[in-house]
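# Residue-level structure breakdown
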Amino acid sequence: MVTIETVKRGAKNGINTVLELGKVIIPVYLFITILKYTVILELISKWFQPLMKIFGLPGEAAVVLVLGNLLNLYAGIGAIASLTLTAKQITIIAVMLSFSHSLPVETAVSKKVGVSVLAVVSTRIGLAAVSGIILNLVI
Amino acid sequence: MAWILNILEEGLLGGIKSVFYIALIVLPLMITMEIGRELNLLEKIAEFCKPLTRWMGTSKESAFPLAVGLVFGLAYGAGVIIQSAKEGNLDKKSLILVSTFLVCCHAVIEDTFILMAIGANGALLLTVRLIAALILTYILSKYLK
C-alpha cells in the first residue's frame, strides 16, 4: 500500500543518491576547473585530440572517459559538467559512458556471477567505441 | 592570492550547481520508483520482459533478474541472478545471456535521467543502449547453441 511512509522512503533514497553523487561530482568538478587554469588540461587536450576526433569529441573529453571508467559514472558526469561541450558531444559521450563505466567495480560484480572478465571489459569498451563512432556520423 | 580563491569559488559553485540540477530530477524520480515498488510494478515489468527472454532464448525465470537489473542496476540484478542460479531456476545459458544483456544495459531509469540532467538526449541514449544490448545478446544466444 502506498502511504506517506513510501514517499518518505523514496525521498530518503533520493537524498542518499544525491549525497553519493555530490561526494564525487563536486571534487571532480573542482579538480578539472583547477586543471583548466594550468597547462595540464591543454596538454591532455592536445595529446588526445587525434583519438577523440574519431568520436567527434574535443581532446579534453578524454578526461571524462578516463574518470568515468576508472571511478564511476558520477565522476564522468562531474567531468562533463565542468567542460564546455555541445549538446551533440554530451549525447555521444553519455552513450559511450553508459556502455563503459566503473570498470573495476562492475567487473568484480560480473566475476561474481561467473562471466569472463576479459570478455566483459572488451565488450563494454568495444560497444563504447563503436557507438561513439557511429553516433558522431549520424547525429 | 585572490585568483586562487576565484578558481576555488568557480570550481565549488559549478560543482554544487550541477549536483543541484541533478537533485531536482533524482528526488522526484526516487519517490516515484519507491511508489512503483510498493505497487509491485517490478512484477509487471518482469511480465513485460517475458517476450524478451523468449527472443533471447533464455528461460522464463530470467525475466525477473532482467527486470531488476534494468531498473535498479547491475549489483541488484547480479544479486537476483546468483540467488536464482542457487535455487536452480536459471540454467547456465540463461545466466550468461542475462548477464551479457545487463552488463551492456542496466539501471536505465536512473542513469538516463541523470545524464539528461547534464544535457544528453535521453531518448537516443536509451534506444542505443537497449538495441545494442539486444543485438549482442541475440548473436551470443545463436552462438551458444
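Preceding block: the structure.
Starting from 1, residues in each chain are numbered consecutively following that chain's sequence as written. All chains are assigned letters beginning at A, and all ligands numbers beginning at 1, according to the order in which they are written. Thresholds applied to this predicted model are a pLDDT of at least 70 for local features of residues and 80 or more for the giving and counting of side-chain atom pairs; totals over whole chains, interfaces and linings are not thresholded and use all residues. Computation of side-chain values covers all heavy atoms of the structure but excludes hydrogens and water.

Right, let's get into the overall build of chain A. Scanning chain A from terminus to terminus reveals 7 helices and 0 strands. Secondary structure elements are taken from DSSP: a helix is a run of H or I of four residues or more, a strand is a run of E of two residues or more, and numbering for both begins at the N terminus. The secondary structure elements of chain A, listed N-terminal to C-terminal, are α-α-α-α-α-α-α. Projected onto its principal axes, the C-alpha coordinates of chain A cover approximately 55 × 40 × 30 Å. Scored against the burial criterion, the 139 residues of chain A give a buried share of 51%. The contact definition used throughout considers only heavy atoms, calling two residues in contact when any of these lie within 4.5 Å. Once local pairs closer than 6 in sequence are excluded, the contacts in chain A between residues at least 24 apart make up 69%. Of the roughly 6700 Å² of accessible surface on chain A, 72% is carried by carbon and sulfur atoms. Seen as two clouds, the 11 positive and the 5 negative side-chain charges of chain A have centres 4 Å apart. Here's how the labels work: a residue is buried when its accessible area is under 20% of the maximum for its type, exposed when over 50%, partly exposed in between, all with a 1.4 Å probe on protein chains only. Per-residue and other accessible areas follow the Shrake-Rupley method at a 1.4 Å probe size, with only the shown protein chains counted as cover for residues. None of His or the chain ends enter the tally, which takes Lys and Arg as positive and Asp and Glu as negative. One atom stands in for each charge, and that atom is NZ of Lys, CZ of Arg, CG of Asp or CD of Glu.

Turning next to the nonpolar core. For the purposes of this section, nonpolar cores are sets of buried Ala, Val, Leu, Ile, Met, Phe, Trp, Tyr and Cys residues that join through side-chain atoms within 4.5 Å. The biggest cluster of nonpolar side chains holds 79 residues, and the ones touching the most others in it are L57(A), I77(A), I80(A), I22(B), F101(B) and L102(B). For this core, the element with the highest residue contribution is helix 5 (residues 87-99) of chain A, accounting for 8 residues.

Here we take up the interface of chain A and chain B. Across the contact, 48 residues belong to chain A and 46 residues belong to chain B. Summing both sides of the interface, chain A and chain B together bury roughly 4000 Å²; the carbon and sulfur share of this comes to 79%. A per-residue breakdown of the area chain A buries against chain B is headed by I26(A), F99(A) and V113(A), which together make up 12% of the total. Every case where a carboxyl oxygen of Asp or Glu lies within 4 Å of a side-chain nitrogen of Lys or Arg is listed as a salt bridge. Joining chain A to chain B, the criterion identifies 2 salt bridges. Summed over both partners, the accessible surface that disappears when two parts come together, traced with a 1.4 Å probe, is what is meant by buried area.

So, on to the pattern of salt bridges. Scanning the model with the defined rule gives 8 salt bridges over all chains in all. By sharing partners, the salt bridges in this structure join R9(A), E34(B), R37(B) and E38(B) into a single network.

The subject of this paragraph is the packing of helix 5 (residues 92-104) of chain B against helix 7 (residues 122-143) of chain B. Residues and elements named next belong to chain B. In this description, a line fitted to the C-alpha atoms serves as the axis of each element, helices being fitted only across the stretch in contact, and the angle between N-to-C directions of two axes falls anywhere from 0 to 180 degrees. Running from amino to carboxyl end, helix 5 crosses helix 7 at an angle of 155°, the nearest separation of the two axes being 8 Å. It follows that helix 5 is roughly antiparallel to helix 7 by the angle criterion. Note that helix 5 runs across helix 7; the crossing there is right-handed. Here helix 5 contributes K93, I96, L97, T100, F101 and C104 to the contact with helix 7, which in turn contributes R129, L130, A133, L134, L136, T137, L140 and S141. Each residue is assigned to one of three groups, with Ala, Val, Leu, Ile, Met, Phe, Trp, Tyr, Cys and Pro labelled nonpolar, Asp, Glu, Lys and Arg labelled charged, and all others, Gly among them, labelled polar. In the contact of helix 5 with helix 7, the residues fall into 9 nonpolar, 3 polar and 2 charged. Angles are sorted into four bins: roughly parallel if under 35 degrees, roughly antiparallel if over 145, roughly perpendicular if 65 to 115, and oblique for all others. A clockwise turn of the near helix away from the far one marks a right-handed crossing, whereas an anticlockwise turn of less than a right angle marks a left-handed crossing.

Before going further, it helps to spend a moment on the state of the cysteines. Covalent bonding between the sulfur atoms of two cysteines is what defines a disulfide. Residue and element names in this part refer to chain B. Cysteine sulfur pairs qualify as disulfides if the two atoms are within 2.5 Å. In the structure shown here, the tally under the stated rule is 0 disulfides over all chains. The thiol sulfur of C49 is not disulfide-bonded, and the nearest other cysteine sulfur, from C105, lies at 10 Å. Summary of cysteine pairing: C104 is not part of a disulfide, and the nearest cysteine sulfur, belonging to C105, is at 7.7 Å. Residue C104 is classed as buried on the basis of its relative accessible area, which comes to 1%.

Moving on, we get to unusual backbone geometry. All names here are of chain B. Here the phi dihedral of N40 falls at roughly 60°; this positive angle occurs in a residue that is not glycine. The backbone phi angle of A107 is positive, close to 45°, even though this residue is not glycine. Here A107 is to be found in the loop between helix 5 and helix 6 (108-117).

A few words now on the environment of I22(B). With respect to the helices and strands, I22(B) occurs in helix 1 (residues 2-38). Between the C-alpha atoms of I22(B) and W55(B), which are 33 residues apart in sequence, the distance is 36 Å. Not counting the four nearest positions on each side in its chain, I22(B) is found in contact with L21(A), I25(A), I77(A), I114(B), A117(B) and I118(B).

For the rest of this paragraph, the subject is the packing of aromatic side chains. Residues and elements named next belong to chain B. Stacked, tilted and edge-to-face are the three classes applied to pairs of Phe, Tyr and Trp rings, where Trp contributes its six-membered ring and a pair requires centres within 6.5 Å; stacked means planes under 30 degrees apart, edge-to-face means over 60, and tilted covers the rest. Overall, the coordinates contain 3 aromatic pairs over all chains when judged by the stated rule. Each ring, one from W55 and one from Y138, has its centre 4.5 Å from the other, and the planes form 20°; the classification is stacked. Note that W55 is positioned in helix 2 (residues 41-56) and Y138 in helix 7, a separation of 83 residues in sequence. You can call W55 partly exposed: its relative accessible area is 46%. Residues F72 and Y76 carry aromatic rings whose centres are separated by 6.2 Å and whose planes lie at 65° to one another, so their mutual orientation is edge-to-face.

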